[in-house]
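Chain residues, written in single-letter form:
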Amino acid sequence: MAVVFKKQKSDSLAKTDISRKGSIDEPIVDLVHDINKSDEYFTTSSCSGRIYVYEERNEEEKKKKGCTWLYTTHGMCNSAQVIEGLNSSKGNAFLKFEPFILHVQCRTLDAGQLLHMVAVAAGFRNSGITVGKRGKTMVAVRSTHCLEVPLTHNGQLLVDHKYIEHLVVLANNKMKENLQRLQGFYEKLKNEITNKQSHHSGTNNTGLNLPRKLTVAKTQAVLPDTISKISSENSLKNTSMQSNSLTDDVDDIDELSLELFNSDVATNYDSCF
């Protein structure tokens, strides 16, 4: 299994970046680099978060090329940039904010559960795990604070500039929150991956430190017994795992989600293409 994972990782990281941008987004370069340095993980797609204006194509063009991007940024935007993008609209244009998203293949389910718990603790509560029939484990780190608003119809502006300014403020606030969560996630994950010699945390069979404390709503610390169950292969076999729950013992962590699909590969992932 380890040999197969190592080959999959090598092949994946050797591929050409086929995203629109063609490279890793600047805010997550270090995060992606550190994840890929770990023996337990490798990234398959990522986006640090973006604000963009896009235009819908007609049904025939949509099947071939998707949508037309009129403006995009992975940082803060201003109303002048948005309006400039809208000036070239001939169809139906939208302003959209999408938060950070990351897809990671994990060597073991234990490693996947650890990554998932760190993501949830950092505020990415829509994160999930998929496990294929052959044991391929994928983690999607994601959240739900999106924004999407129609601005033109058949090339005609539907709102005034003052409303666009208001939307830009909302989008920038969401981007700011997104980057704060992203930084928290990176710090928590880096601690778990790099502090292997810590005497204050137990170590599971992946070689990674299990977290003693996670800052999750309603929870001051993850119970040691629960951590033991999560990290133990024997307990995994005897523990009933359902969607949106790692174990029946973690009642207070009501946002944790574990999605187990009986498919050979993980599907329906968003991508930054």
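Preceding block: the structure.
Just so you know, these numbers come straight off a predicted model, no measurement behind them. (Residues numbered from 1 in each chain as written. Predicted model: local features only at pLDDT ≥ 70, side-chain atom pairs only at ≥ 80, totals over all residues. Heavy atoms only, no water.)

Chemist: Please set out the packing of aromatic side chains residue by residue, giving values where relevant.
Modeler: Enumeration over the complete set of coordinates arrives at seven aromatic pairs. Between Tyr54 and Phe94 the ring centres are 5.3 Å apart and the planes differ by 15°, which places this aromatic pair in the stacked class. One end of the pair, Tyr54, is in strand E2 (residues 50-56); the other, Phe94, is in strand E4 (residues 92-98), with 40 residues separating them in the sequence. According to the relative accessible area criterion, Phe94 is buried, its value standing at 15%. Aromatic pair Phe100 and Phe124: ring centres 5.3 Å apart, planes at 65°, arrangement edge-to-face. Separated by 24 residues along the polypeptide, Phe100 in the loop between E4 and strand E5 (101-106) and Phe124 in the loop between helix H5 (109-121) and strand E6 (128-131) bring together distant segments of the chain. (Phe/Tyr/Trp six-rings, centres within 6.5 Å; stacked < 30°, edge-to-face > 60°. Helix = DSSP H or I, 4+ residues; strand = E, 2+ residues; numbered from the N terminus. Buried < 20%, exposed > 50% of the residue type's maximum accessible area, 1.4 Å probe, protein only.)

Chemist: Break down the environment of Ser12 for me, with residues and values.
Modeler: Position of Ser12 relative to the elements: it lies in helix H1 (residues 2-14). We classify Ser12 as partly exposed; its relative accessible area is 22%. Each C-alpha atom of the pair Ser12 and Phe42 lies 8.2 Å from the other, and the pair is 30 residues apart in sequence. Those residues in contact with Ser12 that sit more than four places away from it in its chain are Phe42, Thr43 and Thr44. (Contact = heavy atoms within 4.5 Å.)

Chemist: Mind laying out the pattern of salt bridges, listing which residues take part and the relevant values?
Modeler: As enumerated under the stated definition, the model contains seven salt bridges in all. Two residues, Glu148 and Lys96, come together in a salt bridge whose shortest N-O distance is 3.9 Å. Here Glu148 is found in strand E8 (residues 147-150), whereas its partner Lys96 is found in strand E4, with 52 residues between them in sequence. For Glu177, the salt bridge goes to Arg181, with nearest N and O atoms at 2.6 Å. Here Glu177 and its partner Arg181 are both found in helix H6 (residues 161-194), four residues apart, which amounts to about one turn of the helix. Linked by salt bridges that have partners in common, Arg50, Lys96, Glu98 and Glu148 make up one network. (Salt bridge = Lys/Arg side-chain N within 4 Å of Asp/Glu carboxyl O.)

Chemist: Quick one: what's the story with the sheet that holds strand E3 (residues 68-73), residue by residue and with numbers?
Modeler: Pairing is antiparallel in the open sheet, where four strands are placed in the order E3-E2-E4-E8. Only two strands of the sheet have a single partner each, and these edge strands are E3 and E8. In this sheet, adjacent strand axes meet at a mean angle of 15° when their direction is disregarded. With five bridges connecting them, E2 and E3 associate as antiparallel partners. Along E3, the bridge assignment pairs Tyr54 with Trp69. Running at roughly 170° to E3, helix H4 (residues 79-86) makes contact with E2, E3 and E4 of the sheet. (Pairing = 2+ DSSP bridges. Axes fitted to C-alpha atoms, helices over the stretch in contact; angles between N-to-C directions.)

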